[in-house]
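A structural walkthrough
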Amino acid sequence: MLMVVLHVAAATLLFGFAGWFYPRREKLGQAGDSILSGLTISALWAVAVAVMGPNATGTRIFLCMSYFAWFWALYRLFANDGRHESMRPIRLVVMALVFVEILQLALVLFVDVLGISAVVFELSAAFRLLCTIGALVLVHNLYVGASPAGRLTLRWPAAALGLMWLYDLNLYTIAYLTGALPQTLGDLRGLIMMVMVGLFALGASNATNDLRLRPSRSVAFQSFSLLVIGAYLVAMVAVAQALAYAGSEFARIAQLAFLAAASVAAMLILPSRRLRGWLRVMLAKHLFQHRYDYRAEWLRFTETIARGGEQVTPLHERVVQAVADITDSPAGLLLTPGEDGDFRLDSRWQWPEIDVPAQALSAEAARFFEQHSFVLDLDDLRQGRQSRGERQFVPEWLFESRRAWAMVPLIHYQRMIGLVVLARPAVARRLDWEDFDLLRVVGQQLASYLAEQAGQEALGEAHRFDEFNRRIAFVMHDIKNLASQLSLLARNAEKHADKPEFRADMLVTLRNSTDKLNALLTRLGRYGAAGHEPLDQFDVVTCLERVVARYTEQHPVYLVERQKCIVLANAEALEQALVHLVQNAIDASPPDVAVLLSVLVDGLNCRIEVLDSGAGMSAEFIRSRLFKPFHSSKPGGFGIGAFEARELIRGMNGRLDVESREGIGTRFIISLPLATLADVPDDTIEFRAANGLPGTTEVA
């Protein structure tokens with residue numbers, strides 16, 4: 001009696017909902033008509049159960065027809081965005097399920113010929129188990145592979161279908177194991193159909209026409225794995241039953257032995273990491289849809305790089321963003337080649353907190369990544385997985401930063417133009433072959449953009465230098481004429497002036513002017529002749545003290561640390577370079593904030609530091625503007641101060657480095673070789689000699 005009441009109620013509810021759903025079926029897209037047919041046929045099945053009973057031939061035929069209808073509905077849900085075409089295994093699985101249900105229907109139609117026996121019942125239950133397992137795999141793939149917006153639409157239809165087939169899975173599993181259909185569970189199936197109606201009603205009332213599914217390769221692999229496991233279990237049961245039907249006296253023992261052997265084999269083979277990795281790659285390459293929508297990725301990449309306007313971030317930051325967008329990384333860094341073959345921080349994109357040393361990547365490490373040109377997953381490295389010994393070439397600051405995730409080299413004509421460091425995304429995953437291929441191609445394209453920009457900048461700078469040289473030639477010519485005239489005027493004044501006081505004053509003024517003009521000529525003539533000034537031995541501390549004294553009345557400048565450093569250099573050129581750097585530090589600092597100078601022995605070099613607590617500079621400004629002539633942050637500035645300082649220091653076989661953080665301050669570091677070995681601390685000489693390092697004999 002309970003069975004009749006529940007199935008009559010289910011039929012009434014199914015027919016009523018089908019009538020309500022008919023004008024709204026387009027809300028579920030292409031699946032609307034198929035869902036409507038599934039509801040109608042399920043309602044007819046419920047009527048047949050109430051009238052003829054669950055085991056009648058007509059009732060079983062209606063059940064088979066309802067399965068066909070729901071398979072069609074599930075397939076049309078995949079077809080809303082064309083996924084049934086892009087993922088062929090879905091179509092194959094649906095066709096396989098339909099074939100199994102056709103066998104079930106044939107079994108129902110010819111049951112009178114075959115007779116109802118234990119073999120027929122178990123075969124029918126096995127067919128139902130195959131159908132329910134396959135259908136649940138498809139429902140899993142349908143929902144989990146959807147975008148967040150698509151899941152809002154699919155959750156209720158997927159829940160309804162999943163509930164129906166999950167209930168049938170339990171129903172026919174018990175039937176297969178016990179040899180009979182459980183009456184209580186069979187009676188309650190009408191209640192399950194009523195719950196399905198409620199779930200479909202929620203989906204139809206909240207659905208939208210936008211069912212955009214974006215399945216990932218991981219989801220497809222999981223679904224295929226479930227299907228393989230289900231098929232494996234069914235195959236185990238089928239072989240075990242075949243052994244039991246053999247009828248020998250050892251059939252039961254053979255059945256148990258096979259089940260035990262198959263279970264042990266499954267436990268040994270299926271958890272194998274190598275097998276799962278190989279299976280994942282093979283399926284992803286040859287069966288399933290790729291992780292990336294390459295058309296969308298290329299459009300986004302092009303839009304990011306080609307973006308124009310005054311408010312657009314610099315190209316080097318957009319290069320980092322273009323790579324980060326592919327892997328959903330929230331931040332990144334760009335390292336570019338320095339003067340000595342090492343790599344230094346060039347640009348930051350949304351990653352201000354990470355501390356990057358002045359030498360971000362050594363020259364040896366840069367050559368390694370340039371030679372191998374592979375994308376490096378830092379998480380693999382931290383877990384001890386490496387293929388080319390790359391651990392020794394990854395700097396410690398990058399290895400120890402848990403937020404650093406991947407390194408992408410930008411290769412142009414076998415030369416590494418830059419190196420992008422990506423931050424870990426919100427949902428981190430292990431990079432695979434498709435990530436590596438796409439990032440490698442994108443890196444090559446970005447390297448060509450950077451090389452093109454560098455070529456344009458070099459060409460523009462050459463043009464500006466040509467113009468500067470032409471102008472400075474005229475200036476020097478005019479100044480020479482003026483100096484000659486002033487010298488002549490001074491000589492005539494000595495002969496013809498009547499008043500001694502006027503004559504003396506005029507002479508002093510003219511001579512001072514002549515001296516200044518000649519000094520200016522000397523400075524202007526220094527351009528293009530770097531490295532030819534005479535070098536002398538002198539104590540750097542004395543030079544710094546003169547620079548500090550020059551700014552006594554203008555700004556607080558202090559020499560906070562001093563060690564005797566005898567260098568072989570040009571004192572006038574070094575003082576001029578220091579004046580440029582100190583003046584820049586003063587301009588960047590608040591009026592009452594001191595600029596600090598220090599000098600100390602650093603190995604075989606003399607290290608001079610100019611430190612301020614001013615506004616600081618961005619990595620992009622340091623790379624593209626600080627040491628480039630004609631780029632000045634000061635109103636009316638000529639933009640050659642830092643450039644001249646670096647050229648003067650280079651002319652003395654020295655080096656100028658800069659470390660800066662926006663809002664914190666800037667540190668300029670001058671390194672000059674010590675004049676003699678006697679100026680090198682003893683512990684440094686002993687250390688370098690003990691380790692076979694160069695520099696213990698050449699300096700002398």
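Quick notes on the rules
- All residue numbers refer to position in the chain's written sequence, counted from 1.
- Under the rules for a predicted model, residues below a pLDDT of 70 receive no local features and side-chain atom pairs below 80 are neither given nor counted, while totals for whole chains, interfaces and linings still include all residues.
- For the side-chain quantities, the full set of heavy atoms in the structure was used; hydrogens and water were omitted.
- Patch building starts from residues that exceed 30% relative accessible area and form no salt bridge, then joins like charges within 9 Å and nonpolar side chains (Val, Leu, Ile, Met, Phe, Trp, Tyr) within 5 Å.
- A 1.4 Å probe and the Shrake-Rupley method give the accessible areas. Residues count as covered only by the protein chains that appear here.
- The salt bridge criterion pairs a side-chain nitrogen of Lys or Arg with a carboxyl oxygen of Asp or Glu, the two atoms within 4 Å.
- Where helices and strands are cited, they refer to DSSP runs of H or I of at least four residues and of E of at least two residues respectively, numbered from the N terminus.
- Categorising residues by exposure relies on relative accessible area from a 1.4 Å probe, with only protein chains included: less than 20% of the type maximum marks a residue as buried, more than 50% marks it as exposed, and the intermediate range marks it as partly exposed.
- In plain words, nonpolar cores are sets of buried Ala, Val, Leu, Ile, Met, Phe, Trp, Tyr and Cys residues tied together by side-chain atoms within 4.5 Å.
- Ring pairs shown here join Phe, Tyr and Trp side chains whose ring centres sit within 6.5 Å, with only the six-membered ring taken for Trp; geometry is labelled stacked below 30 degrees between planes, edge-to-face above 60, and tilted in between.
- To sit over a ring, a charge needs its Lys NZ or Arg CZ within 6 Å of the ring centre and within 35 degrees of the ring normal.
- N or O atoms within 3.5 Å of each other form a polar contact, as long as, within protein, one can give a hydrogen and the other can take it, and as long as residues adjacent in sequence are counted only when both atoms are side-chain atoms.
- Residues are treated as being in contact if the distance between any of their heavy atoms lies within 4.5 Å.
- By this definition, two strands are paired if DSSP reports at least two bridges between them.
- The axes used here are C-alpha line fits, helices contributing only the stretch in contact, and every angle between their N-to-C directions lies in the interval 0 to 180 degrees.

On the surface, a cluster of nonpolar side chains totalling about 440 Å² of accessible area is made up of Phe15, Leu44, Val47, Val51 and Met52. If one sorts the elements of the nonpolar patch by residue count, helix α2 (residues 32-52) sits on top with 4 residues. Within the secondary structure, Leu44 sits in helix α2. Overall, Leu44 belongs to the partly exposed group, its relative accessible area being 34%.

Oppositely charged side chains are able to pair whenever their charged atoms sit close together. All told, the structure shown has 25 salt bridges when counted by the stated rule. Residues Asp379 and Arg424 are paired through a salt bridge, measuring 2.6 Å at the closest nitrogen-oxygen approach. Placement of Asp379 in helix α17 (residues 378-382) and of Arg424 in the loop between β5 (415-423) and α19 (433-496) is noted, with a sequence separation of 45 residues between them. Look at the salt bridges and you will find they share partners, linking Asp340, Asp342, Arg344, Arg655 and Asp657 into a network.

Relative to the assigned elements, Ala126 resides in helix α7 (residues 118-144). In this structure, the C-alpha to C-alpha distance between Ala126 and Gln104, residues 22 residues apart in sequence, is 9.5 Å.

This part covers the nonpolar core. Grouped together as the largest cluster of nonpolar side chains are 56 residues, with contacts concentrated most on Leu39, Trp70, Leu161, Trp165 and Phe200. Counting residues per element, the ones that place at least two in this core are α1 (2-21), α2, α3 (57-79), α5 (88-109), α7, α8 (148-178) and α10 (189-206).

Another point: the packing of aromatic side chains. Tallied over the full model, the rule gives 12 aromatic pairs. With a centroid separation of 4.2 Å and 10 degrees between ring planes, the pair formed by Phe368 and Phe393 is classed as stacked. With a gap of 25 residues between them, Phe368 in helix α16 (residues 363-372) and Phe393 in the loop between α17 and α18 (396-399) connect regions that are remote in the sequence. On the basis of relative accessible area, Phe393 is assigned to the buried category, the value being 14%. An aromatic cluster of three or more residues is present, and its members are Phe368, Phe369, Phe374 and Phe393. In this structure, Arg128 is placed above the aromatic ring of Tyr67, and the distance from its NZ or CZ to the ring centre is 4.7 Å.

Mapping Asp346 onto the fold places it in strand β2 (residues 343-349). The exposure class assigned to Asp346 is buried, which follows from its relative accessible area of 0%. At 3.0 Å, the side chain of Asp346 and the side chain of His316 are in polar contact. Ignoring anything within four residues of it in the chain, the contact list for Asp346 reads His316, Leu334, Leu335, Thr336, Ala619, Glu620 and Arg623.

Our focus in this paragraph is the sheet that holds strand β10 (residues 605-612). Ordered in space as β7-β9-β10-β12-β11, the 5 strands form an open sheet in which the pairing is mixed. Two strands close off the open sheet at either side, each with one partner strand: β7 (557-562) and β11 (655-661). Along the sheet, successive strands turn relative to each other by an average axial angle of 15 degrees, direction set aside. Judged from the 8 bridges that link them, β10 and strand β12 (residues 665-673) form a sheet pairing that is antiparallel. If you follow Glu609 over to β12, its bridge partner there is Ile669. Most of the contacts of helix α21 (residues 540-550) go to β7, to which it runs at about 165 degrees, and overall it touches β7, β9 (595-602) and β10. The strands touched by helix α22 (residues 571-588) are β7, β9, β10, β11 and β12; relative to β10, the strand with the most contacts, the crossing angle is about 25 degrees.

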